[in-house]
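Commentary on secondary and tertiary structure
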Amino acid sequence: MIRGNYCYRTDIGKVRSTNEDETRIVINSSGNVLLIVADGMGGHNKGDYASFETVRIISEAFKDKKGFLTAHSAANWLKNISKLANSTIYNLQDQDVIYKGMGTTLSMALIFKNKLITLNCGDSRIYSKKSHKLEQLSEDQTYVNFLVKSGQISQEEALIHPERHVLTNAVGIFPSLSADIKIIDYNNETLLLCTDGLYNNIRDKDILNILEMNIATSEKVQSLISLANFNGGTDNISVALWETLDD
């Protein structure tokens, strides 16, 4: 069973009137670890509900899941439970005009033995840290990232593009869900999941500097949130941080 220190926290930021983010870290009875972040959209009583309900459905199902036989079965479970959450959110916004336009990003990282299974839908991010390097494991599903990948704009232009917040994918906006799922080797790297309220307000090198500090995991999470707020707090901020303990 993997052992680690972990902390997850969400903050309203300095500009928004409501918090539409949700985050959680869950450990099941087999010792598998699941990190989740979600960034809701659609306004008050919609975005916050979409993110909360998505995280609730997934985390409760994970608590009840006694384990997985293989990494591929774990990946299939992530895919199926995210599709269930998608159907729940889509059907509600499709049937009730109050919730019209509701949706949420969803990023998850599941530690299963020596494998890491990631799922991403939207522009929340999954990072790993090892050997003094921060690596983004997820790929932003945004219109601007599409422009960068297709060579129409540069990375520098993407940072100030007026449509940089436009998503090309999210939970609850389409009848079926297409998420990016990966299975990679896991060698006890530190894992950081966050919403765009963090990475849009802190440079990667500053995130790395905080993660490298000799302080408690909870203090690192609070330091990340405090710095994002100090730099403007332009959106809700959510952070889920896992640090494996050496035996």
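The following paragraphs examine the structure supplied in this document. What you see is a predicted model; the values in this text were computed from it and never measured.

**Quick word on the overall build of the chain**
Of the regular secondary structure elements, the chain holds 7 helices and 11 strands. For a compact globule of 247 residues, the expected C-alpha radius of gyration is about 18 Å, and the chain comes in at 17 Å, within 12% of that figure. Taking the principal axes of its C-alpha atoms as reference, the chain extends roughly 50 × 40 × 35 Å. When each of the 247 residues of the chain is scored for burial, the buried share is 51%. Looking at the chain as shown, the accessible area adds up to about 11700 Å², and 48% of this sits on carbon and sulfur atoms. A gap of 5 Å separates the mean positions of the 25 positive and 30 negative side-chain charges of the chain.

**Section: the nonpolar core**
Counting residues in each nonpolar core, the largest one holds 29 residues, and the members touching the most others are Leu 34, Ile 58, Trp 77, Leu 78, Met 108, Leu 110 and Ile 117. Of all the secondary-structure elements, those providing two or more residues to this core are β3 (33-41), α1 (47-64), α2 (71-95), β5 (106-112) and β6 (115-121). Once residues lying within four places of it in the same chain are set aside, the contact partners of Leu 34 are Arg 24, Ile 25, Val 26, Ile 58, Phe 62, Trp 77, Leu 78, Met 108, Ala 109 and Leu 110. Core analysis: the next-biggest nonpolar cluster, separate from the first, contains 17 residues, Leu 192, Ile 202, Ile 207 and Ala 228 among them.

**Re the pairing of β3**
For β3, the buried fraction is high: 8 of the 9 residues fall into the buried class. With 7 bridges joining them, strand β2 (residues 21-27) and β3 adopt antiparallel strand pairing. What sits directly across from Glu 22, in β3, is Ala 38. Linkage of β2 to β3, two consecutive antiparallel strands, is achieved through a turn of 5 residues, within which Gly 31 is found at a positive phi near 85°.

**Some remarks on the sheet that holds strand β7 (residues 125-130)**
Reading across from one edge, β1-β11-β10-β7-β8 is the order of the 5 strands in this open sheet, with antiparallel pairing throughout. Two strands close off the open sheet at either side, each with one partner strand: β1 (4-11) and β8 (133-136). Each strand of the sheet is rotated relative to its neighbour by a mean of 15°, with strand direction disregarded. As judged from the 4 bridges shared by strand β10 (residues 190-194) and strand β11 (residues 237-244), these two strands associate in the antiparallel manner. Within β11, the residue paired with Leu 192 across the bridge is Leu 241. Helix α6 (residues 204-211) rests against β7, β8, β10 and β11 of the sheet, and its axis sits at about 125° to β8.

**Side note on the pattern of salt bridges**
This model, assessed by the stated rule, comprises 9 salt bridges. Shared partners join several salt bridges into a network, and the residues in it are Glu 53, Arg 56 and Glu 60.

The rules behind these values
- Residues numbered from 1 in each chain as written.
- Predicted model: local features only at pLDDT ≥ 70, side-chain atom pairs only at ≥ 80, totals over all residues.
- Heavy atoms only, no water.
- Helix = DSSP H or I, 4+ residues; strand = E, 2+ residues; numbered from the N terminus.
- Rg over C-alpha atoms; globule rule 2.2 N^0.38 Å.
- Buried < 20%, exposed > 50% of the residue type's maximum accessible area, 1.4 Å probe, protein only.
- Areas by Shrake-Rupley, 256 points an atom, 1.4 Å probe, with all protein chains shown as cover.
- Lys, Arg positive; Asp, Glu negative; His and termini not counted.
- Charge placed at Lys NZ, Arg CZ, Asp CG, Glu CD.
- Core = buried A, V, L, I, M, F, W, Y, C linked by side-chain atoms within 4.5 Å.
- Contact = heavy atoms within 4.5 Å.
- Pairing = 2+ DSSP bridges.
- Axes fitted to C-alpha atoms, helices over the stretch in contact; angles between N-to-C directions.
- Salt bridge = Lys/Arg side-chain N within 4 Å of Asp/Glu carboxyl O.

Read these as spatial facts, not as claims about activity.
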